[in-house]
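An overview of the molecular structure
The lines below spell out each chain.
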Amino acid sequence: METKIKKIAVFTSGGDSPGMNAAIRSVVRTCAYMKIDCVGIYRGYEGMIEGDFLPMNARSVNNIINKGGTILKSARCPEFRTHEGRQKAYNQLKSQGVDAMVVIGGDGSFTGALLFNEEFGMPVIGIPGTIDNDIFGTRYTLGFDTAINTAMEVIDKIRDTASSHHRLFFVEVMGRDVGHIALNAGVGAGAEEILIPEENLGLERLLESLKRSKLTGKSSSIVVVAEGDKTTGKNVFQLKEYVEEHLPIYDVRVCVLGHMQRGGAPTCFDRVLASRMGVKAVEALLEGKSNLMVGILDDDIAFTPLSEAIKGKTKINKELIRVSDIMST
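The sections below set out a description of the structure shown in this document.

Definitions and limits used
- Sequence order as written defines the numbering, with residues in each chain counted from 1.
- Restriction of local features to residues with pLDDT of at least 70 applies here, the model being predicted, together with a cutoff of 80 or more for giving and counting side-chain atom pairs; totals for whole chains, interfaces and linings are based on all residues.
- Hydrogen atoms and water are omitted, and side-chain values are computed over all heavy atoms in the structure.
- A pairing counts as a salt bridge when a side-chain nitrogen of Lys or Arg comes within 4 Å of a carboxyl oxygen of Asp or Glu.
- To qualify as a helix, a DSSP run of H or I must reach at least 4 residues; to qualify as a strand, a run of E must reach at least 2; elements of each kind are numbered from the N terminus.
- Relative accessibility decides the category of a residue: with a 1.4 Å probe and only protein chains considered, values under 20% of the type maximum give buried, values over 50% give exposed, and everything between is partly exposed.
- Pairing of aromatic rings covers Phe, Tyr and Trp, the last through its six-membered ring, and needs centres within 6.5 Å; plane angles under 30 degrees mean stacked, over 60 mean edge-to-face, and all others mean tilted.
- Here, a charge over a ring means that NZ of Lys or CZ of Arg falls within 6 Å of the ring centre while also lying within 35 degrees of the ring normal.
- Pairing between two strands requires that DSSP report at least two bridges joining them.
- In this description, a line fitted to the C-alpha atoms serves as the axis of each element, helices being fitted only across the stretch in contact, and the angle between N-to-C directions of two axes falls anywhere from 0 to 180 degrees.
- Between two residues, a contact is recorded if the distance between any of their heavy atoms is within 4.5 Å.
- To estimate the expected span of a helix, count its residues, drop one, and scale the result by 1.5 Å.

1. A closer look at the pattern of salt bridges
- Summed over the entire model, instances satisfying the criterion amount to 18 salt bridges.
- A salt bridge links Asp251 to Arg167; the shortest N-O distance between them is 3.0 Å. In this pair, Asp251 is assigned in strand S9 (residues 251-256) and Arg167 in strand S6 (residues 167-173), connecting sequence segments 84 residues apart.
- Classification of Asp251 by relative accessible area gives partly exposed; the value is 28%.
- Linking Arg276 and Asp299 is a salt bridge whose minimum nitrogen-to-oxygen distance equals 3.4 Å. You can see Arg276 sitting in helix H9 (residues 268-286) and its partner Asp299 sitting in the loop between strand S10 (292-297) and strand S11 (300-305), a full 23 residues away along the chain.

And the structure:
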């Protein structure tokens, strides 16, 4: 394959997610297969500005496919938001002979890459790495499958305690402004109710549902709450206080799962998805493509313009909401 690209840089940016290491491995080994040089950039855009680069080959990524987090690290970089900062980054890339980039991250990372391309013409392909599954143009983002399985396993353990003590647990999961983790983990763990930003359940309906659960003989309940849900307008602890005030029959507890959902070994699904995306990202650059995100739609790898991936909105699975309503009977 003829190409002007001789060296590709790969880096991770934004919040880490399981599967990022598998994607790094895929990019590096695809470059080796195509006989293209590859360099890893530590700490995302911050490392790009500071020239924190490391030449990588097929052996550089041994034994990382099963590891969570990112071996290339990640960091916030206010300086990259300035033209002067981006100029420094470009100068560092050119001094290293980098011809194109693969960025693994979310919408903020893609926004920076798109602006960088517009200013300096550096070809870039994005791989969606975020547990929130909130990137338009792909059915799944790297880390989402691992995160919902982690959340489900923890909720299973919480149910043991809830059942033993006849308690109501509010379990808050991550997801920023979307409810994909809450909905999937909630259905998988058999939650009595699932509160997500896309569907305003309302406090009265929640109370009625909990009352109904008691009347039908349920001695304990699990309510999964997406961190972006605004049922109370505030937070999950105030939701607990509201329920205690209006339903004193319940002994209420709160469990915030937090960043444990980002950690751990990626599932097989995330490892395979990362491998597929990494190969396609490198192939796209060698074919002269740029400003695209690699995604998966109907089990096929597909490309979406970065501008659309950034601005587009993901849709919640309405069928899964219906299933959740039926299962909570």
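2. Quick notes on the packing of aromatic side chains
- Tallying each qualifying case throughout the model produces eight aromatic pairs.
- Judged by centre distance (5.7 Å) and plane angle (35 degrees), the ring pair of Phe80 and Phe116 falls under tilted. Placement of the pair is Phe80 in the loop between strand S3 (53-56) and helix H3 (83-95) and Phe116 in helix H4 (residues 107-120), with a sequence separation of 36 residues. Per residue, the accessibility class of Phe80 equals that of Phe116, and both read buried.
- Directly above the ring of Tyr140 sits Arg139, whose terminal nitrogen or CZ lies 4.7 Å from the centroid.

3. With respect to the sheet that holds S6
- The strand order across the open sheet built from four strands is S7-S8-S6-S9, with neighbouring strands paired in parallel fashion. Each having just a single partner strand, strand S7 (193-195) and S9 make up the two edges of the open sheet. The mean angle between the axes of side-by-side strands here comes to 20 degrees, regardless of whether they run parallel or antiparallel.
- As judged from the three bridges shared by S7 and strand S8 (residues 221-226), these two strands associate in the parallel manner. Paired with Leu195 across the bridge in S8 is Val225.
- Strands S6, S7 and S8 of the sheet are contacted by helix H6 (residues 180-189), whose axis makes an angle of about 170 degrees with S7.

4. What about helix H1 (residues 20-33)?
- Between its terminal C-alpha atoms H1 stretches 20 Å, which fits the 20 Å expected from 14 residues at 1.5 Å a residue.
- Most of H1 sits inside the fold, with ten of its 14 residues counted as buried.
- For H1, the set of buried residues is Met20, Asn21, Ala22, Ala23, Ile24, Ser26, Val27, Val28, Thr30 and Cys31.
- Contacts from the buried residues of H1 go to strand S1 (7-12), strand S2 (37-41), S3, strand S4 (100-105), strand S5 (124-128) and H9.
- Immediately beyond the C-terminal end of H1, within one or two residues, lies Lys35, with a positive phi of roughly 60 degrees.

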